[in-house]
Amino acid sequence: MDAKSPFLMSIEEHMRNLRYAKRTIETYIHWIKYFINYSNKTHPALMGDIEVERFLSYLVNQQNVSTATQSLALNALAFLYKEILKNELSLKLNFNLSRRPRKLPDVLTPTEVMKLLSKIPSQHHLLVSLLYGSGLRLMEAIRLRVQDIDFNYHCIAVWNGKGNKHRRVTLATELIPELYHQIQRTNKYHTSDIENIDYRGVWIPNALNRKYPNAAKEFKWQYLFPSARLSIEPEFKYLSRHHLNESSIQKSVKKAANQLKLNKVITCHTLRHSFATHLLQRGADIRTVQEQLGHSDLRTTQIYTHVLEHGANGVRSPLSDLL
């Protein structure tokens, strides 16, 4: 099925109306399209549990996908049948589950984190520091608004994180001077933008835009990490200032990691993994770590206890007694 087919476009439009994140929409469309093409382009309305079971088993048996990937495909199809076709899938689908063991994440030591941050360019240093200091996902940090920083209580408000959940995370006091400086830079952009007669303001979610019609041009609603140039807002086609592009941050982290020459796979998400592991090492309760990370299921957070166990934390080797 063509990516621009009326059916797929209608799903995309419906998800936008429900305020799903752009990346979630793209991912769901990908799996729905994959399912349709796998099924010889049969319309999903003419298929059901049996075809979905066959497709999910194919992903494991032929494509050897991970458990997480298979679950993502299932979520996309469950959304399709529940929200679009109004014909929910059975809760007892019978398909081969992926048995690929989940890979333990690479985690940096505190010393390695310091070395990595020291090699991040100054224009990206604050944002990358927040990934580790507050355990933020990359897009959560990039989408922060000026008003999300609470200097009084030393915390950051994360709105519509993964799963559209809200939470508050800790803010390292050491980053406050950098944050004030960043807000000043953002204010300079905003002052210039307001003087531009074509500027319509920053993007605001529909419901909030109706509730606060002037919010788009208010400083507190501006992105904390704005793009260096104005652009056309893709959905409504007006002049706006978007947030920083995530690829620039990813490139900075990758370049810094390459300079360190560590035998680890280091990405922006590695800093979030390191944040969680280091909290546990310091004696933080796993429920506290779960809340900071925004995990719905405690089992997701428990992978960091496995990281500690994998490192045999606190276990003395018998060879040490011999030597």
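## Points about the environment of Leu230
Point 1. Counting through the fold element by element, Leu230 comes out in the loop between helix H9 (206–211) and strand S4 (231–232).
Point 2. A residue is classified by how much of its surface remains accessible, and Leu230, at 25% relative accessible area, is partly exposed.
Point 3. Sequence separation between Leu230 and Arg241 is 11 residues; the distance between their C-alpha atoms is 4.6 Å.

## Some words on the packing of helix H2 (residues 22–38) against helix H4 (residues 67–84)
Point 1. Running from amino to carboxyl end, H2 crosses H4 at an angle of 85°, the nearest separation of the two axes being 9 Å. Viewed along their axes, H2 and H4 adopt a mutual orientation that is roughly perpendicular. Note on element contacts: H4 touches H2 through Thr69, Leu72, Ala73, Asn75, Ala76, Leu77, Phe79, Leu80 and Tyr81, opposite Thr27, Tyr28, Trp31, Ile32 and Phe35.
Point 2. Residues belonging to the contact of H2 with H4 are distributed by class as follows: 11 nonpolar, three polar and no charged.

## A look at the pattern of salt bridges
Where charged atoms from two side chains of opposite charge approach closely, those side chains can pair.
Point 1. Scanning all chains against the criterion turns up eight salt bridges.
Point 2. A salt bridge links Arg16 to Glu12, with the nearest nitrogen and oxygen atoms 3.2 Å apart. Of the two residues, Arg16 and Glu12 both sit in helix H1 (residues 6–17), four residues apart, roughly one turn of that helix.
Point 3. The salt bridge involving Glu140 is made with Arg137; its shortest N-O contact spans 2.5 Å.
Point 4. Taking relative accessible area as the criterion, Arg137 reaches 14% and is therefore assigned buried.
Point 5. Salt bridges sharing partners connect three or more residues here, namely Glu12, Glu13 and Arg16.

## Remarks on unusual backbone geometry
Point 1. Even without a glycine there, the phi angle at Asn40 is positive, about 60°.
Point 2. One can find Asn40 in the loop between H2 and helix H3 (49–61).
Point 3. Backbone geometry at Lys86 places phi at a positive 55°, although glycine is not the residue there.
Point 4. The residue Lys86 is located in the loop between H4 and helix H5 (110–118) in this model.

## Brief notes about the pairing of strand S2 (residues 155–158)
Point 1. Burial of S2 is two-sided: the residues Cys155 and Ala157 facing one way and the residues Ile156 and Val158 facing the other way are all buried.
Point 2. Two strands pair when backbone bridges link them, and strand S1 (residues 149–150) and S2 are joined in this way by two bridges, in the antiparallel orientation. Residue pairing across strands places Asp150 opposite Cys155, the latter belonging to S2.
Point 3. Joining the antiparallel neighbours S1 and S2 is a turn of four residues, in which His154 adopts a positive phi near 55°.
Point 4. In the sheet, S2 pairs with strand S3 (residues 167–170) via four bridges, with the strands oriented antiparallel. Bridge pairing in S3 links Cys155 to Thr170.

## Digging into H3
Point 1. The terminal C-alpha atoms of H3 lie 18 Å apart, and with 13 residues this matches the ideal 18 Å at 1.5 Å per residue to within 8%.
Point 2. For H3, the full list of buried residues reads Val52, Glu53, Phe55, Leu56, Ser57, Leu59 and Val60.
Point 3. Check the buried side of H3 and you find it contacts H2 and H4.

## Some thoughts on the sheet that holds S1
Point 1. Strand order across the open sheet formed by three strands is S1-S2-S3, with antiparallel pairing between neighbours. Taken across any chain shown, the strands that pair with only one partner, and hence form the sheet edges, are S1 and S3.

## A few points about the environment of Leu175
Point 1. Secondary-structure assignment places Leu175 in the loop between S3 and helix H8 (176–194).
Point 2. For Leu175, a relative accessible area of 9% corresponds to the buried category.
Point 3. Separated by 45 residues in sequence, Leu175 and Leu130 place their C-alpha atoms 8.2 Å apart.
Point 4. Here Leu175 is in contact with Leu126, Ser129 and Leu130, once residues within four sequence places are set aside.

## A look at helix H11 (residues 268–281)
Point 1. Its 14 residues place the ends of H11 21 Å apart at the C-alpha level, agreeing with the 20 Å of an ideal helix rising 1.5 Å per residue.
Point 2. For H11, the tally of buried residues reaches 12 of 14 residues, placing the bulk of the element in the interior.
Point 3. Within H11 the residues assigned to the buried category are Cys268, Thr270, Leu271, Arg272, His273, Ser274, Phe275, Ala276, Thr277, His278, Leu279 and Leu280.
Point 4. Looking one or two places after H11, you find Gly283, whose phi comes out positive at around 95°.

Analysis parameters
- Residues numbered from 1 in each chain as written.
- Predicted model: local features only at pLDDT ≥ 70, side-chain atom pairs only at ≥ 80, totals over all residues.
- Heavy atoms only, no water.
- Helix = DSSP H or I, 4+ residues; strand = E, 2+ residues; numbered from the N terminus.
- Buried < 20%, exposed > 50% of the residue type's maximum accessible area, 1.4 Å probe, protein only.
- Axes fitted to C-alpha atoms, helices over the stretch in contact; angles between N-to-C directions.
- Parallel < 35°, antiparallel > 145°, perpendicular 65-115°, else oblique.
- Contact = heavy atoms within 4.5 Å.
- Nonpolar A, V, L, I, M, F, W, Y, C, P; charged D, E, K, R; others polar.
- Salt bridge = Lys/Arg side-chain N within 4 Å of Asp/Glu carboxyl O.
- Pairing = 2+ DSSP bridges.
- Expected span 1.5 Å × (residues − 1).

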